[in-house]
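# Commentary on secondary and tertiary structure
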Protein chains: 4
Amino acid sequence: MPFETVSLEGHIIDSLTLSKVLDTILRVGGQYQITKFDVGSTKNNLSKAEIKISADTEELLQQILHLVQQHGALRSEGEISTLPAPADGVLPDDFYATTNLETSVRIKGIWRPIEQIEMDCAIVLRNEEVLCLPMHQVKQGDEVVVGDIGVRVDPLQRRDPTDSFSFMESDVSTERNKTLIIAAIAQSIKTCRNEGSRILFVGGPAIIHTGAGLYLEQLILGGWIDVLFAGNALAAHDIERSLYGTSLGVELSTGNAVAHGHEHHLRAINTIRGAGGIKQAVTSGMLTSGIMHACITKSIDFVLAGSIRDDGPLPDVISDSIAAQDAMRKQVKGLGIALMVATTLHSVATGNMLPAHVRTVCVDSDADSVIKLLDRGTHQAFGLVTDCEYFLKELVSNLRGLAA
Amino acid sequence: MPFETVSLEGHIIDSLTLSKVLDTILRVGGQYQITKFDVGSTKNNLSKAEIKISADTEELLQQILHLVQQHGALRSEGEISTLPAPADGVLPDDFYATTNLETSVRIKGIWRPIEQIEMDCAIVLRNEEVLCLPMHQVKQGDEVVVGDIGVRVDPLQRRDPTDSFSFMESDVSTERNKTLIIAAIAQSIKTCRNEGSRILFVGGPAIIHTGAGLYLEQLILGGWIDVLFAGNALAAHDIERSLYGTSLGVELSTGNAVAHGHEHHLRAINTIRGAGGIKQAVTSGMLTSGIMHACITKSIDFVLAGSIRDDGPLPDVISDSIAAQDAMRKQVKGLGIALMVATTLHSVATGNMLPAHVRTVCVDSDADSVIKLLDRGTHQAFGLVTDCEYFLKELVSNLRGLAA
Amino acid sequence: MPFETVSLEGHIIDSLTLSKVLDTILRVGGQYQITKFDVGSTKNNLSKAEIKISADTEELLQQILHLVQQHGALRSEGEISTLPAPADGVLPDDFYATTNLETSVRIKGIWRPIEQIEMDCAIVLRNEEVLCLPMHQVKQGDEVVVGDIGVRVDPLQRRDPTDSFSFMESDVSTERNKTLIIAAIAQSIKTCRNEGSRILFVGGPAIIHTGAGLYLEQLILGGWIDVLFAGNALAAHDIERSLYGTSLGVELSTGNAVAHGHEHHLRAINTIRGAGGIKQAVTSGMLTSGIMHACITKSIDFVLAGSIRDDGPLPDVISDSIAAQDAMRKQVKGLGIALMVATTLHSVATGNMLPAHVRTVCVDSDADSVIKLLDRGTHQAFGLVTDCEYFLKELVSNLRGLAA
Amino acid sequence: MPFETVSLEGHIIDSLTLSKVLDTILRVGGQYQITKFDVGSTKNNLSKAEIKISADTEELLQQILHLVQQHGALRSEGEISTLPAPADGVLPDDFYATTNLETSVRIKGIWRPIEQIEMDCAIVLRNEEVLCLPMHQVKQGDEVVVGDIGVRVDPLQRRDPTDSFSFMESDVSTERNKTLIIAAIAQSIKTCRNEGSRILFVGGPAIIHTGAGLYLEQLILGGWIDVLFAGNALAAHDIERSLYGTSLGVELSTGNAVAHGHEHHLRAINTIRGAGGIKQAVTSGMLTSGIMHACITKSIDFVLAGSIRDDGPLPDVISDSIAAQDAMRKQVKGLGIALMVATTLHSVATGNMLPAHVRTVCVDSDADSVIKLLDRGTHQAFGLVTDCEYFLKELVSNLRGLAA
């Protein structure tokens with residue numbers, strides 16, 4: 001029976017890595033024998049295991065090896081192989097597809113870590129650099145890693161249980177004390193600020209519809225957000241709120257079916273189109289408040305990504321979705337935490353780009369939306385089923401006591 | 001072709017009554033002719049219509065007449081008929097089944113209104129009184145109204161558009177400004193207080209799980225609640241919170257999967273069982289805070305209805321569900337508003353008992369639960385999809401400014 | 001007190017138009033007097049009303065007139081006014097914003113209907129034509145209708161109650177007999193086919209994830225679909241299913257967490273990118289089954305609209321969202337029915353483009369998604385909360401008996 | 001620093017037991033040292049670990065020991081202690097509260113397993129027997145186990161990966177191939193049948209509302225159900241369907257808002273009350289089809305538990321909820337699988353009673369309901385978010401091929 005031996009090292013018990021590897025082997029139909037096992041006797045000691053994997057066929061064995069590789073199981077020998085990309089945006093057949101976990105490749109006996117890992121990409125060697133590139137950025141002739149020999153994945157370590165984020169397990173629940181949870185998220189944001197890592201906010205238009213825009217504005221003005229990802233709708237409704245005030249019109253639009261809210265946001269978009277863009281509208285004194293105004297005056301980067309639902313759109317919207325993705329990618333570097341609020345589309349898109357170590361909080365009033373994000377591979381996300389209005393109000397209130 | 005003429009009177013255009021009657025006739029396969037129509041020319045004038053309904057068969061005609069009767073269409077002539085109940089808790093075959101709309105019966109030429117109308121009940125003449133009784137309360141020989149001749153239903157009138165409740169239409173939405181909505185609900189509660197009508201709170205255990213119990217306690221202490229409907233779980237978890245404090249234990253139980261919360265609530269129940277009841281535990285100084293403590297010290301009526309999920313239960317729980325229903329029925333008189341928070345079971349049960357004119361607000365974090373209540377016939381309910389924690393916190397904050 | 005008289009005509013009672021107009025006036029703070037009223041005495045007779053609207057200020061009166069105009073209330077006199085667009089993609093300030101209801105404009109005493117009405121657009125006079133154009137399609141100097149005088153909106157008429165679609169009211173419910181509902185939808189599709197109107201299918205990738213792709217393939221092969229709107233994900237997962245078979249791999253990917261499905265879909269996308277497109281892959285014999293294969297072989301139009309979540313994307317995807325919108329717009333002409341299944345993004349985007357008379361069915365397993373579509377203005381949509389798998393399986397089974 | 005040594009034995013790696021124990025220690029603030037570790041080198045070998053746990057205070061140490069005891073960690077020495085119950089239905093203060101995991105107690109050096117374990121109960125020694133009793137069944141003077149020394153909990157073992165149930169992990173997802181999942185559930189039912197273990201069906205009234213009652217009837221007639229748990233509503237609506245036929249009336253009630261369905265079910269209940277009960281109605285030839293008819297004719301046990309929502313209720317309903325619980329408890333013995341469909345109340349109540357080894361499938365169209373069950377401690381449950389209509393139709397279709 002064909003076999004191969006792999007090794008595992010790290011906090012493989014408490015991070016469940018060993019369990020997952022053994023489980024994977026059995027599910028797919030293989031067998032294992034643990035040939036060596038050094039248990040880390042305290043929380044600071046690493047454990048090591050050597051596992052002999054066997055399977056009925058060579059093909060099945062290769063499949064198992066491929067799967068356990070993604071949980072960090074390492075074949076002792078071997079270096080990466082590459083093949084040239086056959087055309088721009090086209091990869092060689094057997095290309096290695098990345099996960100969002102920390103990944104290294106062995107080249108000439110040396111492990112080289114990949115700097116900005118992202119799931120569902122290729123690994124490309126270009127000018128002595130090892131890059132993680134989405135398919136469309138690969139150029140003809142680029143050397144692309146194929147197969148999985150020589151690629152090492154480091155599974156997520158269990159969080160330190162004293163960490164403010166540690167009690168948030170990757171599950172979804174509605175019946176929990178959100179006051180405590182939001183306080184812990186505020187603490188995590190503060191920690192990011194202190195560590196110098198960046199804070200991303202991803203938001204949907206329900207933030208404006210529910211009247212929570214002013215809390216997001218306060219977060220930005222308070223210096224708690226480094227970059228904002230949103231779509232045309234959030235920006236347009238935010239600007240509508242600024243231009244058409246909190247007067248009678250707004251109360252109607254929230255509480256009253258007769259209101260002609262659709263016109264207001266169209267007129268807001270039209271006004272900004274006339275001005276040439278959001279920045280121009282701020283500079284000319286036309287736009288004097290709101291989330292987008294705060295971004296401009298505080299010089300916060302933002303990416304407004306287009307979608308097929310868009311009216312207008314605003315001139316600042318990147319209507320090409322691949323160009324918008326690439327603009328988002330540039331902003332993902334150095335993130336410590338990502339807050340995703342009330343948007344399935346932008347949350348999933350952003351989740352796809354984040355390395356697994358970025359603390360990710362996904363807030364939605366609908367459990368289904370949160371489940372979808374987790375299902376899409378952003379397993380590190382913590383899902384909080386609640387109103388964006390409540391979340392943001394509490395968050396602002398918690399952060400007010402903490403200097404940015 | 002058989003026909004019958006019915007009349008409609010009231011705000012039949014703006015309360016949609018006329019539309020519903022015409023629609024009903026056509027759907028079931030009948031035809032109509034509007035033979036008279038006096039339109040109320042301003043909002044203060046009533047409209048009157050006379051409609052000739054015809055159908056292919058006498059049977060279909062009777063079915064249509066029965067259906068439009070429930071929208072307020074009245075046959076000109078006729079008095080009620082009755083038959084004696086054949087046994088205790090058993091009605092004669094053709095008994096009239098009530099709606100939750102204001103209803104009168106014609107006896108000896110006089111319209112007699114039914115005092116406490118409830119859906120799905122029978123109308124019984126007992127000792128000169130006209131009673132609306134659930135099936136199990138009917139005694140052998142009671143005179144029960146059969147057929148629908150001589151029964152008049154007054155459809156719900158449209159609310160005055162300047163009323164604080166009027167902008168809440170009976171629909172369900174998650175993307176609305178809840179701050180405004182909760183402020184309007186607070187205003188409605190205040191109005192009830194001023195009018196001297198009673199305020200009912202129906203709550204589920206998620207109120208405690210999410211840490212919102214203290215807001216409900218504040219509502220009771222502030223004099224804003226006249227009666228509380230709940231189950232064993234709300235009371236048990238509230239008492240657990242009081243007995244086991246807001247210390248380490250509680251923080252673990254909310255944020256931490258390792259906690260043994262199931263034991264705490266069992267121990268709380270066991271303690272109260274040992275004491276003989278909640279009142280005894282308060283009197284003896286054992287229970288010194290929380291929702292149930294507030295009910296006892298403020299002499300607020302409560303009904304704790306049993307369910308098959310119950311641990312224990314607490315001695316104060318009425319474990320027989322029919323007895324619990326009857327205890328709830330007694331408390332429904334004179335209600336102006338019913339707040340139903342985070343409980344599908346108790347909300348539906350209570351909704352079944354409420355006359356349609358009681359302002360009903362149903363709050364749940366899950367849109368489905370709210371939809372279920374509306375589907376079950378409590379059409380007057382206003383559904384608010386949000387956290388009970390957020391709802392109660394905002395409500396307390398709104399009511400604080402208003403003297404009870 | 002300033003006043004104006006408007007007229008209403010049509011099935012204004014049973015289509016609720018009159019009720020809505022009166023309600024609107026009162027809510028906003030105006031008063032009405034019904035000065036004439038001719039009731040349509042049977043279902044085939046039209047009713048007519050003349051309503052004198054008054055308000056405290058001229059401004060409020062104008063606001064009321066604007067709102068009731070959208071329910072079909074017509075001022076007796078007047079023709080449209082226009083102003084030139086100040087720049088490409090920018091409208092004059094007071095532009096008339098369209099609804100999705102049938103709309104006509106009065107020019108030189110003649111009512112001219114607008115051919116393809118769409119909500120949130122402008123009305124433009126260009127070369128003797130009256131066009132409904134989204135903002136971005138307007139060119140500098142185009143004559144754009146401003147104000148609402150001379151614009152007539154025809155409210156949706158109530159459906160004939162014997163119509164197979166009539167029992168589906170615009171609400172959302174989970175507890176209904178879906179077998180009956182799906183049978184009625186099948187009948188509506190058949191009716192569209194007979195009437196010669198077109199059938200649109202809008203679908204999300206959950207159709208593939210749940211194994212329901214084969215039913216959609218059968219609908220296309222059976223001639224029941226005229227045009228397909230989807231995104232990169234539906235097409236990519238469909239092609240993945242075709243290329244990687246119903247073998248072990250696929251069964252694992254559906255039932256088993258260990259599978260590396262993310263790689264399969266990347267490899268599928270890469271393969272099609274290598275081939276140059278879906279059509280090329282079909283022609284070359286590389287792609288031999290599935291939804292996209294069926295579209296190609298049956299010459300069914302499709303629009304694959306890009307989004308920021310996309311991997312790849314497939315070469316057939318229109319990654320610019322405004323270009324994708326315009327491609328969708330071209331396909332909307334002549335539609336009789338739109339089936340929107342398991343996609344909030346594409347459903348809302350499509351809903352925005354549809355005239356209100358198009359029968360619209362929105363199917364999602366999550367009540368929240370369905371509610372969102374209705375909230376976004378596609379009020380004519382019928383929401384069905386169920387599995388796409390169940391919906392499509394039943395639909396195919398119902399349509400099998402009916403010749404296309 | 002106080003310390004204690006515990007041992008763990010079994011499939012402690014792949015069932016995650018070891019990970020959970022170490023995690024628990026760290027979270028609560030303790031420290032560990034793994035003093036011995038024998039790894040089970042293949043899937044058939046057991047692993048053994050000895051762990052020295054230390055904590056800053058004796059109190060914290062005891063808390064940790066209590067928590068890890070529930071994951072199977074065993075203190076080497078010690079026997080159980082007991083105290084007498086101070087009154088009927090009241091337990092001594094420090095009573096041991098059970099989990100739903102297999103549990104044994106050490107008495108005179110011998111481990112005695114508890115026969116029918118249920119969570120949230122007490123362990124009572126009565127007449128040489130070791131019983132797991134809910135609080136209300138304990139009598140004054142009963143010897144009740146206190147503390148956790150001498151109590152052993154056996155954590156759930158990982159399922160054999162070739163088992164048809166193994167691919168269903170305890171999570172909730174909407175985007176999965178339900179056809180495959182339902183086929184596996186059918187296979188599990190078949191396996192239960194072959195092994196001679198019993199099959200429980202727990203159902204809510206949506207089964208009837210959606211027209212799926214006939215599939216449940218077929219399951220019962222086919223011999224696939226041993227016991228049915230439901231409430232008044234399921235039985236009443238089932239009987240309504242039988243008595244009032246599949247004629248025009250029923251079609252209206254499902255598709256049409258004008259129908260007076262509330263009367264039909266009241267009349268159905270009244271009819272059965274008049275007959276004296278369901279069995280009498282079957283015997284007298286009054287009730288000739290439906291779910292309840294099938295239970296009577298096939299002599300299937302059923303428990304109809306009362307709730308405060310009930311109309312009537314039917315004479316067969318046990319309206320006292322504690323009596324209903326006890327009736328359910330009697331039926332729980334020997335169960336192999338529990339199917340819980342479209343009812344949160346009965347599912348949670350039943351889940352509370354089931355030992356963790358019973359395969360539990362919870363089906364609901366609403367993800368929230370499924371999440372609630374898992375949150376309530378029935379961690380072994382597999383949640384399937386789908387229509388009950390689809391689930392039951394597919395299940396019947398799958399089981400038809402398999403002889404009962």
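To start, this report covers the structure provided alongside it. None of these values were measured; they are calculated from a predicted model.

Moving on to the packing of aromatic side chains. Within this structure, the stated rule accounts for four aromatic pairs over all chains. Look at A:Tyr390 and B:Tyr390: their rings are 5.0 Å apart centre to centre, the planes differ by 25°, and that puts the pair in the stacked class. Residue A:Tyr390 is located in helix H14 (residues 388-400), and its partner B:Tyr390 is located in helix H14 (residues 388-400); the two belong to separate chains. For A:Tyr390, a relative accessible area of 1% gives the class buried.

Before going further, it helps to spend a moment on the interface of chain B and chain D. Contacts between the two partners involve 57 residues from chain B and, on the opposite side, 57 residues from chain D. Counting the surface lost from both chain B and chain D, the interface buries some 5,200 Å², and carbon and sulfur atoms represent 54% of this. Counting the contacts that link chain B with chain D gives zero salt bridges. Inspection of the chain B/chain D interface yields 20 residue pairs in polar contact (both at pLDDT 80 or more). Sorting the residues of the side of chain B that touches chain D by element identifies helix H1 (17-28), helix H2 (58-69), helix H8 (261-275), helix H11 (321-331) and helix H12 (344-353) of chain B as the ones contributing at least two each. With nine residues, H8(B) is the single largest residue contributor to the side of chain B that touches chain D. Class assignment of the residues belonging to the side of chain B that touches chain D gives a composition of 22 nonpolar, 22 polar and 13 charged.

One copy of the chain maps onto the other through a rotation about an axis followed by a shift along the same axis. After a rotation of 180° and a shift along the axis of 0.0 Å, chain B superposes on chain D with an RMSD of 0.0 Å. Here the copies are linked by what is in effect a two-fold axis. Among all residues of chain B, the one whose C-alpha sits closest to the rotation axis is B:Asp320, at a distance of 2.0 Å. Counting the interface residues of chain B, we find that 100% of their copies in chain D are interface residues as well, pointing to one common contact surface.

Glancing now at the pattern of salt bridges. Oppositely charged side chains can form a pair if their charged atoms are brought close together. Tallied over the full model, the rule gives 46 salt bridges over all chains. Ionic pairing is found between A:Glu217 and A:Arg241, a salt bridge with its closest N-O pair at 3.5 Å. Of the two residues, A:Glu217 sits in helix H5 (residues 213-221) while A:Arg241 sits in helix H6 (residues 232-244), which places them 24 residues apart along the sequence. Using a relative accessible area of 15% as the deciding quantity, one classes A:Glu217 as buried. The residue A:Lys393 makes a salt bridge to B:Glu394 at a minimum N-O spacing of 2.2 Å. Of the two residues, A:Lys393 is situated in helix H14 and B:Glu394 in helix H14; the pairing between them involves two chains. Taking the relative accessible area as the measure of exposure, A:Lys393 reaches 27% and is therefore partly exposed. Taken together, the shared-partner salt bridges connect A:Glu118, A:Asp326 and A:Arg329 into one network.

Right, let's talk about the packing of helix H3 (residues 178-195) of chain D against helix H14 (residues 388-400) of chain D for a bit. Residues and elements named next belong to chain D. The geometry of H3 relative to H14 is characterised by a closest axis approach of 9 Å and an angle of 55° between their N-to-C directions. Taken together, the axes of H3 and H14 lie oblique to each other. The two elements H3 and H14 cross, and the hand of that crossing is right-handed. In this structure, H3 contributes Lys 178, Thr 179, Ile 182, Ala 183, Ile 185, Ala 186 and Ile 189 to the contact, and H14 contributes Tyr 390, Phe 391, Glu 394, Leu 395, Asn 398 and Leu 399. Counted by class, the contact of H3 with H14 contains nine nonpolar, two polar and two charged residues.

Now for the state of the cysteines. Going through the model one piece at a time under the given rule, you end up with zero disulfides over all chains. Free of any disulfide, A:Cys362 has its nearest neighbouring cysteine sulfur in A:Cys388, separated by 12 Å. Looking at C:Cys295, it has no disulfide partner, and the nearest cysteine sulfur is the one in C:Cys388, 17 Å off.

The rules behind each value
- Residue numbering note: each chain is counted from 1, following its sequence as written.
- To label them, take the chains in the order written and letter them from A, then take the ligands in the order written and number them from 1.
- Totals for whole chains, interfaces and linings use all residues, but because this is a predicted model, local features are given only for residues with pLDDT of at least 70 and pairs of side-chain atoms are given and counted only at 80 or more.
- To get the side-chain values, all heavy atoms of the structure are used, and hydrogens and water are removed first.
- Two rings belonging to Phe, Tyr or Trp (six-membered ring only in the last case) form a pair when the distance between their centres is within 6.5 Å. Interplanar angles under 30 degrees mark stacking, angles over 60 mark edge-to-face geometry, and anything in between is tilted.
- Each helix is a run of H or I in the DSSP string that is no shorter than four residues. Each strand is a run of E no shorter than two, and both are numbered from the N terminus.
- Relative accessibility decides the category of a residue: with a 1.4 Å probe and only protein chains considered, values under 20% of the type maximum give buried, values over 50% give exposed, and everything between is partly exposed.
- Contacts between residues were defined by any pair of non-hydrogen atoms, one from each residue, lying within 4.5 Å.
- The term buried area means the drop in 1.4 Å probe accessible area that two parts suffer when joined, counted for both and summed.
- Salt-bridge detection follows one rule: a side-chain nitrogen of Lys or Arg within 4 Å of a carboxyl oxygen of Asp or Glu.
- For the purposes of these results, a polar contact is taken to be a pair of N or O atoms within 3.5 Å, where, inside protein, one atom must be able to donate a hydrogen and its partner to accept one; residues adjacent in sequence count only when each atom of the pair is a side-chain atom.
- By the convention adopted, Pro, Cys, Tyr, Trp, Phe, Met, Ile, Leu, Val and Ala count as nonpolar, Lys, Arg, Asp and Glu as charged, and the other residues, Gly among them, as polar.
- Superposing the copies works by least squares over the C-alpha atoms of residues that have pLDDT at least 70 in both of them.
- Axis angles are defined between N-to-C directions and span 0 to 180 degrees, where every axis is a line fitted to C-alpha atoms and, for a helix, only to the segment in contact.
- Should an angle fall under 35 degrees it is called roughly parallel, over 145 degrees roughly antiparallel, and 65 to 115 degrees roughly perpendicular, with every other angle called oblique.
- In a left-handed crossing the near helix is turned counterclockwise from the far helix by less than a right angle, and in a right-handed crossing that turn is clockwise.
- Any two cysteine sulfur atoms within 2.5 Å of one another count as a disulfide.

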